[in-house]
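Here are the chains, one letter per residue:
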Amino acid sequence: MIHYHADSRTFALLGKASVYQIRISEKGEVEHLGYCSLPQANDLPRNWDRHIPTRTIRPTSSHQSFQCEYPAFGDTSLNDVALKVSFPKAARIDPATEAPHEPVRDARLRYAGHEIGSVGDPGFAPKHGLPVRSKSPRTGLKIRLKDELYPFYVTLFYRLTPEHDIIERWVELENACEHPVEVEKLAFASLSLDAFHWEITHVSGGWCREFQIERHTLHTGRFVWGSQAIITGLSTNPFFLLNQSGGATESVGEVLFGALAYSGNWEISAEVQERGGLRLSGGYHSLDFRMSLAPGEKHRTPAMVWGRSSGGWSGASQQLHAWAQDYVLPRPATHAPYLPVLYNSWEVAYFNIKEEEQMALARKAAEVGVEMFCIDDGWFGGRRDSKAGLGDWVVSKDILPRGLQPLIAEVHQLGMSFGLWVEPEMVNQDSDLYRAHPDWVLHFPGRARSEYRNQKLLDFGRPEVVAHILEQLDRLLQENKIDFFKWDMNRYATEPGSAAGRDIWYRHVAGVYGIMDELRRRHPHLSIESCSSGGGRVDFGMMGRVEQFWASDNTDAKHRILIQEGYSMAYPVRTMECWVTHERNHQTLSFLPLSLRFDCAMRGALGIGTPLNKITPEELEEYRRRIAFYKKIRPVIQDGILHRLERAEDRGTSVWQYMEAGGQRAVLSLLAHHAAMLKTPPRLRLHGLIADACYRLTDFTGQELGRASGWSLMTLGYSSLSNNGAENYSETILLEVCPE
Ligand code: GLA
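Quick look at the structure, then. Here the structure is a predicted model, which means the values were calculated and not measured.

Cut-offs and rules
- Per chain, residues are indexed from 1 in the order of the written sequence.
- In keeping with the model being predicted, local features are shown solely for residues with a pLDDT of at least 70 and side-chain atom pairs are shown and tallied solely at 80 or more, while totals for entire chains, interfaces and linings include all residues.
- To obtain the side-chain values, all non-hydrogen atoms of the structure were included, while hydrogens and water were left out.
- The pairing test for Phe, Tyr and Trp rings, Trp by its six-membered ring, is centres within 6.5 Å, and the orientation test on the planes gives stacked under 30 degrees, edge-to-face over 60, and tilted for anything in between.
- Each helix is a run of DSSP H or I of at least 4 residues and each strand a run of E of at least 2, with the numbering of both proceeding from the N terminus.
- Relative accessibility decides the category of a residue: with a 1.4 Å probe and only protein chains considered, values under 20% of the type maximum give buried, values over 50% give exposed, and everything between is partly exposed.
- A ring is scored as having a charge over it whenever the NZ atom of a lysine or the CZ atom of an arginine sits within 6 Å of its centre and within 35 degrees of its normal.
- For helices, the fitted axis covers only the stretch in contact; all axes are lines through C-alpha atoms, and the angles between them, taken along N-to-C directions, range from 0 to 180 degrees.
- Here the word oblique covers every angle except those under 35 degrees (roughly parallel), over 145 (roughly antiparallel) and from 65 to 115 (roughly perpendicular).
- Contacts are assigned to residue pairs that have any heavy atoms within 4.5 Å of one another.
- Each residue gets one label: Ala, Val, Leu, Ile, Met, Phe, Trp, Tyr, Cys and Pro are nonpolar, Asp, Glu, Lys and Arg are charged, and the others, such as Gly, are polar.
- In these notes, residues near a molecule or strand are those with any non-hydrogen atom within 4 Å of it.
- In the analysis that follows, any N or O atom pair within 3.5 Å is treated as a polar contact, provided that within protein one partner can donate a hydrogen and the other can accept it, and provided that, for residues neighboring in sequence, both atoms belong to side chains.
- Methods summary: accessible areas were calculated by the Shrake-Rupley approach with a probe of 1.4 Å, and residue burial reflects only the protein chains presented.

## Brief notes about the packing of aromatic side chains
Step number 1: Summed over all chains, the structure comprises 34 aromatic pairs.
Step number 2: Judged by centre distance (4.9 Å) and plane angle (65°), the rings of tyrosine 20 and tyrosine 35 are edge-to-face. Linking tyrosine 20 in strand E3 (residues 18-24) with tyrosine 35 in strand E4 (residues 30-37), this pair joins segments that are 15 residues apart in sequence.
Step number 3: By relative accessible area, which is 0% here, tyrosine 20 ends up buried.
Step number 4: When the ring of phenylalanine 540 is compared with that of tyrosine 571, the centres are 4.8 Å apart and the planes differ by 55°; the resulting orientation is tilted. Here phenylalanine 540 is found in helix H8 (residues 540-543), whereas its partner tyrosine 571 is found in the loop between helix H9 (557-570) and strand E29 (576-580), with 31 residues between them in sequence. The same class applies to phenylalanine 540 as to tyrosine 571, namely buried.
Step number 5: Ring pairs connect the aromatic residues Phe124, Phe188, Tyr262, Tyr284, Phe289, Tyr506 and Tyr513, which therefore count as one cluster.
Step number 6: Above the ring of phenylalanine 73, the side-chain terminus of lysine 84 is found at 4.7 Å from the ring centroid.
Step number 7: Note that lysine 456 overlies the ring of tyrosine 434, its terminal NZ or CZ placed 5.0 Å from the centroid.

## Thoughts on the packing of helix H3 (residues 355-368) against helix H11 (residues 617-639)
Step number 1: Direction vectors running N to C along H3 and H11 enclose 50°, while the axes themselves pass 8 Å from each other. With respect to their mutual orientation, H3 and H11 come out oblique. Two secondary-structure elements touch here, H3 through Lys364, Glu367 and Val368 and H11 through Leu620, Tyr623, Arg624 and Ile627.
Step number 2: Across the contact of H3 with H11, the residue classes break down as four nonpolar, no polar and three charged.

## Side note on the site of the ligand
Step number 1: Around the ligand, a shell composed of 13 residues is seen, among which Asp376, Asp377, Arg453, Lys486 and Asp553 lie nearest.
Step number 2: Within the contact set of the ligand, an oxygen atom lies 3.5 Å away from a side-chain nitrogen or oxygen of asparagine 490.
Step number 3: Glycine 534 places a polar main-chain atom, nitrogen or oxygen, 3.3 Å from an oxygen atom of the ligand.
Step number 4: For the ligand, whose unbound accessible area comes to 310 Å², protein coverage reaches 96%.
Step number 5: Considered class by class, the residues forming the shell around the ligand number four nonpolar, three polar and six charged.

## Examining the environment of glutamate 271
Step number 1: Take glutamate 271: it is sitting in strand E16 (residues 266-272).
Step number 2: With 394 residues separating them along the chain, glutamate 271 and arginine 665 place their C-alpha atoms 44 Å apart.
Step number 3: Not counting residues up to four positions away in its chain, the partners in contact with glutamate 271 are Asn79, Asp80, Gly221, Arg222, Gly277, Leu278 and Arg279.
Step number 4: Within the structure, glutamate 271 has its side chain in polar contact with the backbone nitrogen of aspartate 80 (distance 2.8 Å).

Interpretation note: all reported values are geometric properties and have no functional meaning in isolation.
Here it is, written out as structure tokens:
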């Protein structure tokens, strides 16, 4: 619900448990008044807009005490800004008193009207037309601002999802001048907060160690993180959680959070100003950013997602998860309600694909209960290793002389769907595509072309390149009954010379989104996994086009615990693909028991990547039983509410509880990250159970481990039956309401 009080020109955006308030100042600037929890449930008092305290201190030299909702460079704004634009010609010059200091590099945005109602979609929103889970229409607010002198407009958009206390914000620029306007910095949104000791949680990492949680206090100055890799990036991810220092835990405390719904270069900045106030902003990365808006041109940015929780960090995650599940993830009617158990043969065959072996693997996979069989890299063009073939999306006759059809037919006949790996944005020098179009890659003339993993990045700033890739993938889908693409992306853009000039940074993203949207529109049965050397392209922009993400190339369960904890901070674990792989892990070379490998992979969308054709019948039987158990608990894992009861760093064991809506079933997942010998096993107080119900606890074999009331599990807690802090310990337990 959005309220507006005309006399005070104040807006209140009301969520289920939060209220976001802004007003238009006397000068026509938009002032942020506050974003806080509602003191009373669900409504505003009748006189909410009376006696709003005014901020009396407003030093003329600084904007700092004025919490500007979308500060632009110039005027008195000293600190970080959301927007910087320049106008080539002065709108007017008084030659007696003014010099022609052009371009005019300042913007003064003032209120020019507003509208409450439907606000449409942010920039880069999916165009595939597939439905999302929720059908509820959402209202929003548009505030139109105009520069004091130029017909240059900035519209601030707010779209409210009250049931999850989420506000998406974005802006649209419109150049109604007779000359171009240069945009040098463009945030999707910004937010000014009062002075506190703020503590921020975000993730950092790299290849094979994505999503490592970091938490620290913000000090005076600017903390900026982002990606300039043309993708979301492996080294960090565009979300954060914020609380007053020491004021939050996993389950309690006020937490404000934000995330960008965008898969290209981005940056988020958190600046503690000299008077202590905090200014947050997020948007396009400013390095090499320059957007020229022609007369009459508009640009609408992607969204920045904001929310507020009183339920600690887990509470914040739950809101983002629920919002993404309801409004972001595509839910075509043709798809099963839960993500299938996937088999991927990458770590078994690598580039050495043989039809017979793949068939044998598929038969074993079907035997143990796998539902989707995916062939990874190496099936196309001259791709026998990483040195050749990228760009040629045609089935290799050397590898599969009979084509893909027999394999697909076998997989389908076994009752599984069929998936294929592609890396559409790339080209190897040794490929037919590169030989035909050496000018189709990002490069600067006269410079040697750099390679990473022997590959170059196609120039998606050329419409003909995007059209060519779309046509190749479309043909693959038309000629073969492919149900799933694992869409990979394995190099950064380090030499961004493009037909699109500097616009390539977002044109590339638009090209990728456009191909995905069009493929999904033409082939609604298709589903997609986003992969970028692991978790390099996980974000809410991509989430609108895909079912799942490959969170990391590191499949070692111990490492994965941390990666998955970080991933779960923002993203629904339903989308987090995890595989059980070899006993001796291929990335870390350590040995881990099957129980831990399974219990870890079952935390999200389960996948298998082991050589099923080489293991004993007893082991195969264990796979079968564990996969059957996963399918039983899958609705709770994939659609339940996730509570992170303990993180690995707390006492060595990572403990997650998934709660089914209604409280009938829960799943408890305990994974020892490191041995904590002689420490008292954690007593885990569960959430959301039915107090007077009796719960039966069972393990993957169906064996009953005990019974307890919801009340005792929520107050006295569950004490792990077998955990004495041992190395490699893990368990996954199903709790179901049972007759007393
Ligand atoms: C990337 C992916 C892997 C695998 C290989 C194939 O590294 O992250 O999962 O698909 O490419 O070359």
